[in-house]
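This is what each chain is made of:
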Amino acid sequence: MLLIAAWRKIIQGYTRLRQLTSNSGYTTAHAVKVFDKFFPSPQTANVRFMVSPSYLQAYLENRVCSKHQLTNTPYTIFCGANDACVPTHDQHVPLDQYKKNLKTIIQHPATRAQNPRLMLITPPPVNEYQIEEFDASKNTPFPSRTASFTKSYAVAACEVGASLNVPVVDLW
């Protein structure tokens, strides 16, 4: 019964995060506003890792090497693609605010209480040749994103990571 209760808490924590990350259109500004609602308190669940349910099941069935692999998986913060929309777009978050939001997420009391291994991932490059069709499909003025503008958000994520001693995966 204890294993079932632990499993339920893990899935609830994963589901809250999945709900935020699976909804397109979120920005760091949205994440900061709802952080308390989706990130569990240490009393609710221990989020020292964030892995797929299938990996967790494999661990529980002794199909992965060790608990070390599971508990040392970093919690990734992959934000900024929507923030980096051009300033005329409704999803745009100014660069200084984006940096402040990343710092807020990383330094949030709920994050710190969990003591997870964190890793930032920069916003990915934009293919400006394909963005026109994407914008047309969403009835969005073209261009909603540019490579150079998005690159500045990737640089900002690297700066935040360096200032807080958090590793960064720079997709650029």
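What you see is a predicted model; the values in this text were computed from it and never measured.

Participant: Which parts of the structure should I look at to understand the overall build of the chain?
Facilitator: Helix and strand counts for the chain come out as 8 helices and 3 strands. What you see in the chain, going N to C, is helices and strands ordered as α-α-α-α-β-α-α-β-α-α-β. Across the chain, the fraction of contacts at a sequence separation of at least 24, relative to all contacts at a separation of at least 6, is 71%. A total accessible area of about 10200 Å² is found for the chain, and carbon and sulfur atoms account for 55% of it.

Participant: Explain the packing of aromatic side chains here, please?
Facilitator: For any pair of aromatic rings, the description rests on two quantities: the centre-to-centre distance and the angle between the ring planes. Considering all chains together, one arrives at 2 aromatic pairs under this definition. On the basis of an interplanar angle of 50 degrees and a centroid distance of 5.1 Å, the ring pair of Y98 and Y153 is categorised as tilted. A residue pair is termed long-range when its members are at least 10 positions apart, and Y98 in helix α5 (residues 95-107) and Y153 in helix α8 (residues 147-164) qualify at 55 residues. When sorted by exposure, Y98 lands in the same class as Y153, which is buried. Looking at Y153, the relative accessible area reads 1%, which means it is buried. A connected cluster of aromatic rings, assembled from ring pairs, spans Y98, F149 and Y153.

Participant: How do you make sense of α5 when you look at a structure like this?
Facilitator: Each full turn of the α-helix corresponds to 3.6 residues, which orients residues three or four apart in the same direction. Over its 13 residues, α5 runs 18 Å from end to end, which matches the ideal 18 Å to within 8%, given 1.5 Å per residue. Of the residues making up α5, those classed as buried are Y98, N101, L102, I105 and I106. Considered in projection along α5, the buried side chains sweep an arc of 130 degrees and stay on one side of the axis. Residues of α5 that are exposed and point over 90 degrees away from its buried face: D96 and K100.

Participant: Explanation requested: the sheet that holds strand β1 (residues 75-78) in the structure shown.
Facilitator: To summarise the sheet geometry, strands pair through backbone hydrogen bonds and adopt either a parallel or an antiparallel arrangement. If you walk across this open sheet you meet the 3 strands as β1-β2-β3, and the pairing is parallel. The sheet is open, and its two borders are formed by β1 and β3 (168-169), each paired with just one other strand. The sheet contact formed by β1 and strand β2 (residues 118-121) spans 4 bridges and is parallel. Its bridge partner lying in β2, F78 is registered against I121.

Quick notes on the rules
Residues numbered from 1 in each chain as written. Predicted model: local features only at pLDDT ≥ 70, side-chain atom pairs only at ≥ 80, totals over all residues. Heavy atoms only, no water. Helix = DSSP H or I, 4+ residues; strand = E, 2+ residues; numbered from the N terminus. Contact = heavy atoms within 4.5 Å. Areas by Shrake-Rupley, 256 points an atom, 1.4 Å probe, with all protein chains shown as cover. Phe/Tyr/Trp six-rings, centres within 6.5 Å; stacked < 30°, edge-to-face > 60°. Buried < 20%, exposed > 50% of the residue type's maximum accessible area, 1.4 Å probe, protein only. Expected span 1.5 Å × (residues − 1). Arc of directions from axis to C-beta. Pairing = 2+ DSSP bridges.

Everything listed here is a matter of coordinates, which is why it stays silent on function.
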